[in-house]
Amino acid sequence: MDYTKITTFGALKTSGYKPKTIKEELRQNLITKISKGENVFTGVHGYEDTVIPELERAILSKHNINFLGLRGQAKTRLARLMVNLLDEYIPVLQGSRSMMTRLILYRATGRNY
């Protein structure tokens, strides 16, 4: 489905779109990439048999992930490469406030929006 052509809420509902949590999205997209034989974490060398399989298992299990280690151990690179596992588009209703906007307004005023 080409979500870029959906312009109304009704069209979004009829398209069968179902919202997913970030963990579900990461998991589903990782399964797709693994089944296609794609390397998800390209450019990370030396961790193919240790860190990367553990990271993949953590994503598949929907665990929280916290990268710990000394400088130069590819923590930032792995985190940035995980973004490639997110969907390219998420629907946003025009005129609605995003969660970030609501959080900023709540912190500024103390009221829920």
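Details of the structure are given in the entry above.
Residues numbered from 1 in each chain as written. Predicted model: local features only at pLDDT ≥ 70, side-chain atom pairs only at ≥ 80, totals over all residues. Heavy atoms only, no water.

Visitor: How do you make sense of the overall build of the chain when you look at a structure like this?
Guide: When helices and strands are counted, the chain shows 5 helices and 0 strands. Counted from the first residue to the last, the chain has its helices and strands arranged as α-α-α-α-α. Counting all 113 residues of the chain, 17% fall into the buried class. For the chain, the accessible area works out to roughly 9100 Å², and carbon and sulfur atoms hold 53% of it. (Helix = DSSP H or I, 4+ residues; strand = E, 2+ residues; numbered from the N terminus. Buried < 20%, exposed > 50% of the residue type's maximum accessible area, 1.4 Å probe, protein only. Areas by Shrake-Rupley, 256 points an atom, 1.4 Å probe, with all protein chains shown as cover.)

Visitor: How do you make sense of the pattern of salt bridges when you look at a structure like this?
Guide: Pairs can form between side chains of opposite charge once their charged atoms are near each other. On inspection of all chains with the given rule, the structure shows 2 salt bridges. A salt bridge links Asp87 to Lys20; its shortest N-O distance comes to 3.1 Å. Of this pair, Asp87 sits in the loop between α4 (75-82) and α5 (99-109) while Lys20 sits in the loop between α1 (9-14) and α2 (22-36), and the two are 67 residues apart along the sequence. Residue Glu38 pairs with Lys33 through a salt bridge whose shortest N-O separation is 3.3 Å. For Glu38, a relative accessible area of 37% corresponds to the partly exposed category. Classification of Lys33 as partly exposed rests on a relative accessible area of 22%. (Salt bridge = Lys/Arg side-chain N within 4 Å of Asp/Glu carboxyl O.)

Visitor: Even after reading the chapter, I still don't get helix α3 (residues 51-60), so can you show me in this structure?
Guide: Since the α-helix packs 3.6 residues into each turn, any two residues three or four apart lie on the same face. Along α3, the residues that are buried comprise Ile52, Pro53, Leu55, Ala58 and Ile59. Each element contacted by the buried residues of α3 is listed here: α2 and α4. Once α3 ends, the next one or two residues include Lys62, with phi positive near 60 degrees. (Contact = heavy atoms within 4.5 Å.)

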